[in-house]
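Listed here are the chains, written in short residue letters.
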Amino acid sequence: MGSRRFKADTRQILNLVTHSLYSDREIFLRELISNASDALDKVRFVGLQRDDLLSIEGDPTISISFDADAKTITIEDNGIGLTEDEAAEHLGTIAHSGTGAFAEALKEKGENPDALIGQFGVGFYASFMVADEVTVESLSALPDAKPVCWTSDGGDKYTVKTGSRTVRGTSVTLKLRENATDFADADKLRGLVRQHSDFVPYPVKIEDEQVNRARAIWSASPSDVTEEEYTELYKHVSMDWNEPLTRIHIRAEGTLQFNAVLFIPKNRPFQLDRLDFKLGVQLYQKGVKVLDHAEAIVPRFLRFVSGVIDAPDLDLNVSRELLQQTPMVAAIRKQITKKLLKHLAAEAKKEDHITYDLFWGEFGHILKEGIAEDAGNSKKLLTELLRFETTESEGAQISLAEIKEGMEEGQEDMWYFTSVDKDRIQAAPVLEGFKKREWEVVLMTDPVDEWVAMSISEFDGVNLKSVLTGDLPEDEANDDEDTKKAKDEARPLITWMAELLDGEVAEVRMSSRLTESPSVLVDKAGGMGSNMERILKAANQEVGPGAQRVLEINPDHALVQTLAKLNNDGATGLEPFARLLLDHACIAEGKLDDPKGFASRLQSLMEKAAESMGAS
Ligand code: ADP
């Protein structure tokens, strides 16, 4: 009893807190409400084990009162209370809260204390940010406890003496600092409660009126929660005006306990594609909010998800940042990811799958990041959720399973075409051979698809191959006499062109990809693809000199056949024609590197053509 000195590290923290210019000092209220809520939780728990506790007056409640003239605020609860020893022990040392780690961090880094206060909740001591004197009056619920009064000005010492409280519970009275008197205001306090403590599971009352919602619907059984309640929670956490597209309510009760209500919005939240986009998943511990944006608890490829996760066993003994790296958070993340993906898969399996289609339209490209990054265990689930347009789907987006089902007899591989050139993709010459064979090609037009394609080399036993690099099986056996002859005739032309264009293309070869066009450019296997190069360039990334392309020549094309014949007859002056075959392939891709050269080649050939038509 009497006056005692705070322990050294507590003094250090108090000193810091009282002199801090921390801008979010309003969090003191959340911390005190959270302590009161804990005290109510504890008495409920202890009451389960023994029946000699001091009985409660009224219902479990947290009341906030204020006196603007006296410049005080009081936070009162009818929870477990504190004995004398407990008051000295718990309020005099920092052993019990995240403040231990806080002191550590301070010692280690000596960094900006304001930033540290933001990261750590400093619990009870946060009251000294706004108060120059704090008085705790408490009566423990334990039998024969005596009332205790703890007081301190946040300096080196605190005092513990006999208190005057006659009913179970605790009141914490703050004598506000001159620069914090505005907190003694009903509207201000109401606003803070709604903002930070809305879902604390006990009523928080101001002037006898309940201010918070007090119902942690995520802890309730889904059958006890109304549609309106879900929607309200969604609007509260997501700041969205609309109703959510879909939601899941998880109640995990095994070794890993947590409750969660998670929502997927109808529309892409503004700024979702920005790197600094903050995820709207709030982390609670037993109805008390711990983090507003628990980024680590949901993978980035699900960053459009918002909601609440409440984990009772969360370790709050670490900084809020470290908290996100704890094994428990990682375990919750894993489960949540799986549940969300399964939920989406169930939507996708529905007869009409409207919800899934809407979802995919808004968020598909983000979900794909999961495949492109390392989705680990989720990769299989994610792969099944992928949807793509194909050369035959007429604009519809279909699954890889459906594409596999549509494979033709004799078609061993699934073919895809990555090109961000959405408008021209269907007309690309490189697809001609596939159309002739009636092989459906997956059209991958999102930039992220380039990475998706790299990480899925196989689907359900079928290899995925790029139309730009993969070798189409030569069906020479099926070549008719004409084609065989055409190929033989074209060979010397191709050899000659390879010499001519050496240094400009990596290779010139016979094509089995073409039916209509005389020539096409494809990618060299193993190198950086042309589409990737284009994407990186568009993102202003350094890509180096760029890989050389392969020029393929169609031996069945009339122009090629004429040139081959001329070449075989020893004709000269074929160079502009050969170059135009390359120009042609470039133009078909919408990209001509040498427009000036092309124009002059075309001009000279047009002149020749006009002459041969008999003009003089
Ligand atoms: P934390 O809540 O993180 O443990 P605090 O500094 O906020 O740290 O509180 C220290 C301790 O003081 C609590 O763990 C609790 O034992 C006790 N305490 C604080 N407020 C109350 C209260 N309203 N009723 C009962 N005990 C309390």
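Draft legend 1. Seen up close, the sheet that holds strand β21 (residues 519-522). Strands sit in the order β20-β22-β21 across an open sheet of three strands; the sheet is mixed. Looking along the sheet, the strands with just one partner apiece sit at the ends: β20 (507-510) and β21. Pairwise comparison of adjacent strand axes, ignoring direction, gives a mean angle of 25 degrees for this sheet. Sheet topology places β20 next to strand β22 (residues 550-553); four bridges connect them, and they run parallel. Bridge pairing in β22 places Glu-507 opposite Val-550. Relative to β21, helix α18 (residues 575-588) is tilted by about 60 degrees, and along the sheet it contacts β21 and β22.

Draft legend 2. Local environment of the pattern of salt bridges. Considering all chains together, one arrives at 33 salt bridges under this definition. The residue Glu-76 makes a salt bridge to Arg-165 at a minimum N-O spacing of 2.8 Å. Taken together, the residues Glu-76 in strand β3 (residues 72-77) and Arg-165 in the loop between β6 (157-162) and β7 (169-176) connect sequence positions 89 residues apart. Classification of Glu-76 as partly exposed rests on a relative accessible area of 31%. Relative accessible area serves as the criterion here: at 10%, Arg-165 is assigned to the buried category. Among the charged side chains, a salt-bridge network with shared partners connects Glu-507, Arg-509, Arg-513 and Glu-552.

Draft legend 3. Fine view of the packing of helix α15 (residues 481-500) against α18. Here α15 crosses α18 at 85 degrees, and the two axes come no closer than 11 Å. The orientation of α15 with respect to α18, classified from their angle, is roughly perpendicular. Residue-level contacts link Trp-496, Met-497 and Leu-500 of α15 to Glu-575, Ala-578, Arg-579 and Leu-581 of α18. Taken together, the residues of the contact of α15 with α18 sort by class into five nonpolar, no polar and two charged.

About the thresholds
- Residues numbered from 1 in each chain as written.
- Predicted model: local features only at pLDDT ≥ 70, side-chain atom pairs only at ≥ 80, totals over all residues.
- Heavy atoms only, no water.
- Pairing = 2+ DSSP bridges.
- Helix = DSSP H or I, 4+ residues; strand = E, 2+ residues; numbered from the N terminus.
- Axes fitted to C-alpha atoms, helices over the stretch in contact; angles between N-to-C directions.
- Contact = heavy atoms within 4.5 Å.
- Salt bridge = Lys/Arg side-chain N within 4 Å of Asp/Glu carboxyl O.
- Buried < 20%, exposed > 50% of the residue type's maximum accessible area, 1.4 Å probe, protein only.
- Parallel < 35°, antiparallel > 145°, perpendicular 65-115°, else oblique.
- Nonpolar A, V, L, I, M, F, W, Y, C, P; charged D, E, K, R; others polar.

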